[in-house]
Amino acid sequence: GIAGFGTHITLPDHAEIQVGSATGGDLKIFHNGHSRISDEGTGALLIQTNGSSIQLNKGTTENMLVATPDSSVDLYFDNALRLKTTDTGVNITDNLRVAGISTFVGNVNLLSDSAKFIAGAGGDLEIFHDGNDSGIRNNTGGLYLQNNGTIFIGDVGANEYSAKFHDNGATELYYDGSKKLETTNTGVTVTGTLAATAVTGD
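Residues numbered from 1 in each chain as written. Predicted model: local features only at pLDDT ≥ 70, side-chain atom pairs only at ≥ 80, totals over all residues. Heavy atoms only, no water.

Colleague: Tell me what's going on with the pairing of strand β8 (residues 73–77), and back it up with residues and numbers.
Modeller: Along any regular strand, the residues point their side chains to alternate faces of the sheet. The pairing of strand β7 (residues 62–67) with β8 spans 3 bridges and is antiparallel. When the bridges of β8 are listed, L65 appears paired with L75. Between the antiparallel neighbours β7 and β8 lie 5 residues, among them D70 with a positive phi of about 60 degrees. A loop of 2 residues connects β8 with strand β9 (residues 80–85), the two strands running antiparallel in sequence, and D78 in this loop sits at a positive phi of about 50 degrees. (Pairing = 2+ DSSP bridges. Helix = DSSP H or I, 4+ residues; strand = E, 2+ residues; numbered from the N terminus.)

Colleague: Which residues make up the sheet that holds strand β14 (residues 150–155), and what are the values?
Modeller: Across the sheet, which stays open at both edges, the 5 strands sit in the order β14-β15-β16-β17-β18 with antiparallel pairing between neighbours. At either end of the open sheet lies a strand with only one pairing partner, and these are β14 and β18 (188–190). Taking each pair of neighbouring strands and ignoring which way they run, the sheet shows an average axis angle of 15 degrees. (Axes fitted to C-alpha atoms, helices over the stretch in contact; angles between N-to-C directions.)

Colleague: Give a detailed account of the packing of aromatic side chains, specifying residues and quantitative values.
Modeller: On inspection of all chains with the given rule, the structure shows 2 aromatic pairs. Pairing F152 with Y161 gives two aromatic rings, centres 5.4 Å apart and planes at 35 degrees, and the pair type is tilted. When its relative accessible area of 40% is taken as the criterion, F152 is described as partly exposed. With 6.2 Å between their ring centres and 55 degrees between their planes, Y161 and Y174 make a pair best called tilted. A residue pair is termed long-range when its members are at least 10 positions apart, and Y161 in strand β15 (residues 160–166) and Y174 in strand β16 (residues 171–175) qualify at 13 residues. Each member of the pair, Y161 together with Y174, is buried. One aromatic cluster is present, formed by F152, Y161 and Y174 through successive ring pairs. Geometry around F128 places K116 over its ring, the cationic atom sitting 5.6 Å from the centre. (Phe/Tyr/Trp six-rings, centres within 6.5 Å; stacked < 30°, edge-to-face > 60°. Buried < 20%, exposed > 50% of the residue type's maximum accessible area, 1.4 Å probe, protein only. Lys NZ or Arg CZ within 6 Å of the ring centre and 35° of its normal.)

Colleague: I'd like a rundown of the confidence of the model for the chain, residues and numbers included.
Modeller: Predicted coordinates in regions of low pLDDT should not be interpreted in detail. Across the chain, the average pLDDT comes to 89, with 93% of residues at 70 or higher. When mean pLDDT is compared element by element in the chain, β8 scores highest at 98, while strand β1 (residues 4–5) scores lowest at 62. (pLDDT = per-residue confidence, 0-100.)

Colleague: Talk me through the pattern of salt bridges; I want residue IDs and the actual numbers.
Modeller: Tallied over the entire structure, the rule returns 7 salt bridges. Between E126 and R137 there is a salt bridge whose closest N-O contact spans 2.9 Å. Within this pair, whereas E126 is found in strand β12 (residues 125–129), its partner R137 is found in strand β13 (residues 134–138), the two being separated by 11 residues in sequence. When its relative accessible area of 11% is taken as the criterion, E126 is described as buried. On the basis of relative accessible area, R137 is assigned to the partly exposed category, the value being 37%. One network of salt bridges, with partners in common, ties together E16, K28 and E40. (Salt bridge = Lys/Arg side-chain N within 4 Å of Asp/Glu carboxyl O.)

Colleague: Which residues make up the sheet that holds strand β11 (residues 116–119), and what values go with them?
Modeller: What the 3 strands build is an open sheet, ordered β11-β12-β13; its pairing is antiparallel. Each edge of the open sheet carries a strand with a single partner, namely β11 and β13. Direction aside, the axes of adjacent strands within the sheet are offset by 10 degrees on average. Pairing of β11 with β12 involves 4 bridges; the strand directions are antiparallel. Counterpart to I118 in the pairing with β12 is E126.

And the structure:
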């Protein structure tokens, strides 16, 4: 089905260039309404280069994927770089949206001040740093801190706490690292002076 041969090979639609075994053609290149490269044999389909990069482009002006040997793989959206691999991980431009994560090991670094980690379909939970302070903002429902042991608030590394919340146990409140109030199974224990504007009961 070769229609012409000169500086190029011309084939009609559905005709195939077949390379590989004599019986089947392990590699096929053809056009059937879509242009296709079909690996139908054993082994893998390898794209190799000793040049500067491997590229998937729209025409000659827009990048979709650029893979540079011994360097990064860059992914684009409408010719705008969105994801770049590095020697330490991945850099993402603008937003990262994840439908679900079953296992994650490592760090998520939001490099710019006021960038936010946002969870929930409507931006329900925000975790951020504005350049001066860090914040956790919950915009829907309640905010739960859950643990099977003890929750610590304060300078934990220096053993200077503001509060401790023990699972199935006491809540402890501190002043400058010194415990001043502790809940018990019968009430509350105060260390120091209890000042109140009014007292009723025993």
